[in-house]
Amino acid sequence: MSVHNESTTILMTGSTGFIGKEAVKQLGDSEAQLLLLVRSESRARTVLNAYGVTDFRHITFIQGDLSSLGLGLNQADRERALQANIIIHAGGTMDVTLQPKVAEQIFMNGAREIAKLAEEIQRTHGLRHFIHVVGFMSPYGRKDSPSISSVNEDVGDKSGRQRLWISKAFHSESAYEHMKFEADRYIRQHAEQHAYALSVVNPSTVVGPFPTGTTEQTGGIGMMIQAMRRGRMPVIPGGLQHWLPLVSNDVVAQTLVFLTRDSNPSGGTYPLLSRKSDSPDMKELIRLLAAELDVAAPRWSVPLPMIHAAMKAGGTKISGIPPESIVFITKQDFEVQQTERLFERMGKRLPEVSELLPYVTADLDYRFSYPSQNDLPQGWTRTRVGDLAALMHEGQGDPWVIVHGLMSSADDMMALGDALWSMTGNPVWLVDLAGFGRSPVQRNKEGGAAFQGQVKAVRSVLDEVQGPVKLVGHSVGAAIAAVAMQESGRQNIQLAMLQPVWGGARDGRQRLVSRFPRRLLRGLLSRMTPQQVAAQLRRVEASETHPTMIEDYAKRASSGLKSPRIAGANADLLHWIQSQSANKVLQTSVSAEANHTLVVWGINDQGYSRPENIHSLVQHVELPYGHQFPLFHANETASLLVNWQMKRQ
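1. Some details on the overall build of the protein chain
At step 1: Broken down by element type, the protein chain carries 23 helices and 19 strands.
At step 2: In the protein chain, which comprises 649 residues, the proportion classed as buried is 59%.
At step 3: The long-range share in the protein chain, meaning contacts at least 24 apart out of those at least 6 apart in sequence, stands at 79%.
At step 4: Carbon and sulfur atoms provide 49% of the accessible area of the protein chain, an area that totals close to 27,000 Å².

2. Let's talk about unusual backbone geometry
Backbone geometry follows two general trends: most residues other than glycine have a negative phi, and most peptide bonds adopt the trans configuration.
At step 1: Following F210, the chain continues into P211 via a peptide bond in cis, with omega recorded as 5°.
At step 2: Along the chain, the position of P211 falls in the loop between β7 (205-207) and α7 (221-229).
At step 3: The phi dihedral of S475 falls on the positive side, at around 60°, and the residue is not glycine.
At step 4: In this structure S475 comes out as buried when scored by relative accessible area, which is 3%.
At step 5: Of note in the backbone geometry, Q499 takes a positive phi value of approximately 50° without being a glycine.
At step 6: With respect to the helices and strands, Q499 occurs in the loop between β17 (493-498) and α16 (508-513).
At step 7: Overall, the relative accessible area of 0% leaves Q499 in the buried class.

3. Comments concerning the packing of aromatic side chains
At step 1: Evaluation of the coordinates by the stated rule reveals eight aromatic pairs.
At step 2: Taken together, a centroid distance of 6.5 Å and an interplanar angle of 25° make the contact between F136 and F328 stacked. Residue F136 is located in the loop between β5 (129-133) and α5 (160-170), and its partner F328 is located in the loop between α10 (304-319) and α11 (337-346); the two are separated by 192 residues in the primary sequence.
At step 3: You can call F328 buried: its relative accessible area is 9%.
At step 4: Judged by centre distance (3.7 Å) and plane angle (5°), the rings of F451 and W576 are stacked.

4. With respect to the side chain of R522
At step 1: You can see R522 is positioned in helix α17 (residues 518-526).
At step 2: In this structure R522 comes out as buried when scored by relative accessible area, which is 18%.
At step 3: Separated by 2.4 Å, the side chain of R522 and the backbone oxygen of D294 make a polar contact.
At step 4: Apart from residues lying up to four places away in sequence, R522 is in contact with D294, P564, A567, G568 and A571.

5. Topic: the sheet that holds strand β2 (residues 33-38)
At step 1: Ordered in space as β3-β2-β1-β4-β5-β6-β10, the seven strands form an open sheet in which the pairing is parallel. Here the strands that pair on one side only, and so sit at the sheet edges, are β3 (59-63) and β10 (268-272). Put simply, the sheet's adjacent strands are angled 15° from each other on average, direction ignored.
At step 2: For strand β1 (residues 9-13) and β2, the ladder comprises five bridges, and the chain directions are parallel. Each bridged residue has a counterpart across the sheet, and for M12 the counterpart in β2 is L36.
At step 3: Set on the sheet, helix α2 (residues 41-50) makes contact with β2 and β3; between it and β3 the angle comes to about 140°.
At step 4: Against the sheet, helix α8 (residues 249-260) contacts β1, β4 (86-89), β5, β6 (198-203) and β10, and its axis sits at roughly 170° relative to β6.

6. A short note on the packing of α7 against helix α12 (residues 357-369)
In helix packing, the relevant descriptors are the interaxial angle and the interaxial distance, both defined with respect to the helix axes.
At step 1: Look at α7 against α12: their axes get within 10 Å of each other, and the N-to-C directions meet at 65°. Taken together, the axes of α7 and α12 are roughly perpendicular relative to one another. Crossing geometry of α7 relative to α12 is assigned as right-handed. Residues I221, G222, I225, Q226 and R229 of α7 lie in contact with α12, whose contacting residues are L357, T361, L364, D365, F368 and S369.
At step 2: Classifying every residue of the contact of α7 with α12 gives five nonpolar, four polar and two charged.

7. Some words on the packing of helix α14 (residues 449-462) against helix α15 (residues 476-488)
At step 1: Closest axis-to-axis distance for the α14/α15 pair is 8 Å, and the angle between their directions is 65°. With respect to the hand of their crossing, α14 and α15 are arranged in right-handed fashion. Between α14, through F451, Q452, Q454, V455, V458, R459 and L462, and α15, the contact on the second element is made entirely by A479, I480, V483, A484, M485, E487 and S488.

Conventions adopted
Residues numbered from 1 in each chain as written. Predicted model: local features only at pLDDT ≥ 70, side-chain atom pairs only at ≥ 80, totals over all residues. Heavy atoms only, no water. Helix = DSSP H or I, 4+ residues; strand = E, 2+ residues; numbered from the N terminus. Buried < 20%, exposed > 50% of the residue type's maximum accessible area, 1.4 Å probe, protein only. Contact = heavy atoms within 4.5 Å. Areas by Shrake-Rupley, 256 points an atom, 1.4 Å probe, with all protein chains shown as cover. Phe/Tyr/Trp six-rings, centres within 6.5 Å; stacked < 30°, edge-to-face > 60°. Polar contact = N/O pair within 3.5 Å; in protein donor to acceptor, adjacent residues only side chain to side chain. Pairing = 2+ DSSP bridges. Axes fitted to C-alpha atoms, helices over the stretch in contact; angles between N-to-C directions. Parallel < 35°, antiparallel > 145°, perpendicular 65-115°, else oblique. Left-handed = near helix turned anticlockwise from the far one by under 90°. Nonpolar A, V, L, I, M, F, W, Y, C, P; charged D, E, K, R; others polar.

Put into structure tokens, the structure is as follows:
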């Protein structure tokens, strides 16, 4: 690749989309000027900012709309757009259920109008590169692809033969896909007519970036995950010959960024997916997803045309996913030689997402469990620490690592994290235990292995910090943190145990259900309504907690338990709490590191017994609250933790 010396101005559509945001973020490291076509500047700024784009010095927003004549640009913005020497066209709604008229308006009108701009730029000062992002199922640009033009055909029309070819290939009538393919053909033909370099990037089904797998686009694989978690996928779509190609949005963005830096592009078609032989078939993929979602995998495969016909005839009501959603499952083996050569030039290998898949699955499952979640408050980012998903607030000094308890996740500890950060300025990491929040499940759940697996996962977090750590655990999270500290063998970890669970529950109902078989217990948890969770809290809290706080927490807890994965992870820890080993494990752990340990106990807890036989060197503080005090009294808890730290200095 030869790197250009002249300045680069990139006109980009789709900059607030799943791929576009990541591309804008990565282009932030270059000197390129970005002209972003957006419908609303204020919304685009908010979206990009929330994604981590903080430097807008090289970004100019131009207001327009792909479905409007002339892209809806005013004269000044059109003049700006014509200054570009590279176009990245990645715009268009990600919605496989779009109606034909709407799909045509967005994709075909967008293609025609962006092509007019490309033609004018090429004529006036030369278009260095047009980069078009089109789905991987597009039939164009392959060895056996239909012709992009014929003698008596206007650009944008579709011959009967091509329509038949596409229908045969895709067992689908998705207007979304068809119009994207037509836009692909139109732009290929236009580039040929006007002699500008065209690279077509064909992402497969897109998932979130490394290392978190955060997948906000819930179509595609998300639709299968939604159906499976609801128990609505009784069969495997396709079979051993079929597969669902996947790519992460950061790899797509890296490809786009690399292509913008080529000063003498030759163009080409680049399907972004791994080789079929290196990827799981549908049977294997469904088995992997089922294991991550903690549900039974279907055993029988059904041919795709049969599934499609059944869904069109009303099967959507059964499966919960639209028939268009299976269009991305394919038998095809794609030509990736050109992509492999491009990736060699990039110093990379073909995209491989198998390591990300557990995090993608947990993230999507979390999104379906908490559909009304808000954007993260200022200062917080989602990340991955060791083997666990985490929320991180950057700061100076030794980090606070906070481990939540039952029926909770990292998000529930954010008020405590915020309070600690504002009082100390230290970094704060809120981790999701395995199977909770956005963390993948553990594979071995037999006997006491679930607890030990959680300990191992928290140790993987501690291993990420070489220096001192302030480790805080709540409820069963305190037990896990205590054992993780002991097993690490480190002397530079200080442990605060907030309401540590120290043996079986005092609450008779909890003791009874905790002895139920795992499947039965998980089913009971998943059926708990917000009212039932709130009633349970009131029964064991016995403290002056504001009713609204209890109701809000109960609503979140009940939503989370609708996920078989999260309900299963809670059931495993309830079993461990009720086992006889809990008491012994904890006393051994705390005694070993007594002079580094603080225990805070809410005396109004009616659910669990006060810890006994605590080593005399352990600092012990009591509060007039119940079990959930770290969630409901975050500021007071933070003050107490900060005072403990100040006394130790």
